[in-house]
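Each chain, written out:
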Amino acid sequence: MSDDPILRGHAAEVLHIKNMVCDRCIMAVRALLVRCGIEPLSVVLGEAALPRRLDDGERLRIRTELEAIGFELLEDRRRQLVDRLRSAIIERVRSLDGAPYENLSDYLARRLGHDYGSLSRLFSEETGSTLGKYLIAQKIERAKEMLLYDELSLAEIADRLGYSSSAYLCAQFKSVTGLTPTQFRQSGSRGRRTLDRL
């Protein structure tokens, strides 16, 4: 949710929404809520803060309309927390861009206000994967995007994604995709995956 404590303090209800992975998702959810007659206080990846509580009819309509455009209204607290973990990792990868490195466990514990060990266990139980593997998958998808833009060198991409070297990025990229970054760049976008499929 918004880091603005004023907005957080005034929210009567917070909707947790699965599959929000980009700014377009935020715009789509905001537009959907407005179309349903609710002006949200804020909409961020995975969450929408509302000025009032929804009645059952509104909740059903919003759930149905979200599902029609590929989102899911989360009601289960464990699933909500897993979705918040995914959103936090996506935000982190998108905001790295050469920023000072912060350990994943420290970042997630600070961001979500839970012990990293319990977050890690929950994520593994609910998804069958680890937070570390999910972070790597997100970083590789971001690297693919940057490679296709063809504006940055491999060393610049590695630096922006927090890799210690371009060789480390290359090794991890090949391990995940089966291709070197150069081979991927030459192949075009055939190997890209949408973030909600990771």
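Rules behind the numbers
Residues numbered from 1 in each chain as written. Predicted model: local features only at pLDDT ≥ 70, side-chain atom pairs only at ≥ 80, totals over all residues. Heavy atoms only, no water. Helix = DSSP H or I, 4+ residues; strand = E, 2+ residues; numbered from the N terminus. Buried < 20%, exposed > 50% of the residue type's maximum accessible area, 1.4 Å probe, protein only. Areas by Shrake-Rupley, 256 points an atom, 1.4 Å probe, with all protein chains shown as cover. Contact = heavy atoms within 4.5 Å. Lys, Arg positive; Asp, Glu negative; His and termini not counted. Salt bridge = Lys/Arg side-chain N within 4 Å of Asp/Glu carboxyl O. pLDDT = per-residue confidence, 0-100. Core = buried A, V, L, I, M, F, W, Y, C linked by side-chain atoms within 4.5 Å. Expected span 1.5 Å × (residues − 1). Pairing = 2+ DSSP bridges. Axes fitted to C-alpha atoms, helices over the stretch in contact; angles between N-to-C directions. Phe/Tyr/Trp six-rings, centres within 6.5 Å; stacked < 30°, edge-to-face > 60°. Lys NZ or Arg CZ within 6 Å of the ring centre and 35° of its normal.

### Here we look at the overall build of the chain
- Across its full length, the chain carries 10 helices and 4 strands.
- A total of 198 residues make up the chain; the buried ones form 39% of that total.
- Surface exposure of the chain reaches about 10600 Å², of which carbon and sulfur atoms provide 49%.

### A word on the environment of Thr180
- Here Thr180 is to be found in the loop between α9 (166-177) and α10 (181-187).
- With 11 residues separating them in the primary sequence, Thr180 and Leu169 have C-alpha atoms 9.6 Å apart.
- Residues in contact with Thr180, not counting those within four places in the same chain, are Phe173 and Lys174.

### Regarding the side chain of Lys139
- Assignment of secondary structure puts Lys139 in helix α7 (residues 131-149).
- There is no salt bridge for the buried Lys139, and the closest opposite charge comes from Asp159, which lies 11 Å off by N-O distance.
- Among all residues touching Lys139, those that are not within four sequence positions of it are Val93, Leu96, Leu161, Gly162 and Tyr163.

### Quick look at the confidence of the model for the chain
- Across the chain, the average pLDDT comes to 87, with 89% of residues at or above 70.
- Per-element averaging of pLDDT across the chain places helix α1 (residues 5-10) at the bottom with 52 and helix α2 (residues 23-35) at the top with 95.
- Across residues 1-8 the pLDDT falls below 50, and counting only partners more than four positions away or on other chains, this stretch makes 13 contacts in the model.

### Comments concerning the pattern of salt bridges
- One pass over the full model with this rule turns up 15 salt bridges.
- Between Arg61 and Glu65 there is a salt bridge, with its nearest N and O atoms 2.9 Å apart. Here Arg61 and its partner Glu65 are both found in helix α3 (residues 56-68), 4 residues apart, which amounts to about one turn of the helix.
- In this structure, the salt-bridge partner of Arg94 is Glu145, at a minimum N-O distance of 2.9 Å. Of this pair, Arg94 sits in helix α4 (residues 77-96) while Glu145 sits in helix α7; the two residues are 51 residues apart in sequence, bridging distant segments of the chain.
- Given the relative accessible area of 35%, Arg94 is considered partly exposed.
- Through salt bridges with shared partners, one network takes in Arg35, Arg61 and Glu65.

### Observations regarding the nonpolar core
- In this structure, Leu15, Ile17, Met20, Leu33, Ile62 and Leu108 are the most contacted members of the largest nonpolar core, which totals 49 residues.
- Those residues in contact with Ile62 that sit more than four places away from it in its chain are Leu15, Leu32, Leu33, Cys36, Ile38 and Leu54.

### Observations regarding α2
- Taking 1.5 Å per residue as the helical rise, α2 with its 13 residues ought to reach 18 Å, and the 18 Å between its terminal C-alpha atoms agrees with that figure.
- Immediately downstream of α2, the backbone of Gly37 shows phi near 85°, a positive value.

### Details of the sheet that holds strand β4 (residues 72-74)
- The strand order across the open sheet formed by 4 strands is β2-β3-β1-β4, and the pairing between neighbours is antiparallel. Bordering the open sheet on either side are β2 (42-44) and β4, each of which pairs with just one other strand. Averaged over neighbouring strand pairs, the angle between their axes works out to 25° when direction is ignored.
- Note that β2 and strand β3 (residues 47-50) share 3 bridges and pair antiparallel. Residue pairing for β3: Ser42 is matched across the bridge by Ala49.
- In this fold α3 packs onto β1 (13-18) and β4, with an angle of close to 25° to the strand it touches most, β1.
- Where α4 meets the sheet, its contacts fall on β1, β3 and β4, and the angle it forms with β1 comes to roughly 70°.

### Considerations on the packing of aromatic side chains
- What the rule picks out here adds up to 3 aromatic pairs.
- Seen from their ring centres, Tyr163 and Tyr168 are 5.5 Å apart, and the 70° between their planes marks the pair as edge-to-face.
- Residue Tyr163 is classed as buried on the basis of its relative accessible area of 6%.
- Its end group placed over the ring of Tyr107, Arg92 keeps NZ or CZ at 5.2 Å from the ring centre.
- Over the ring of Tyr163 we find Lys139, and its NZ or CZ is 4.3 Å from the ring centre.

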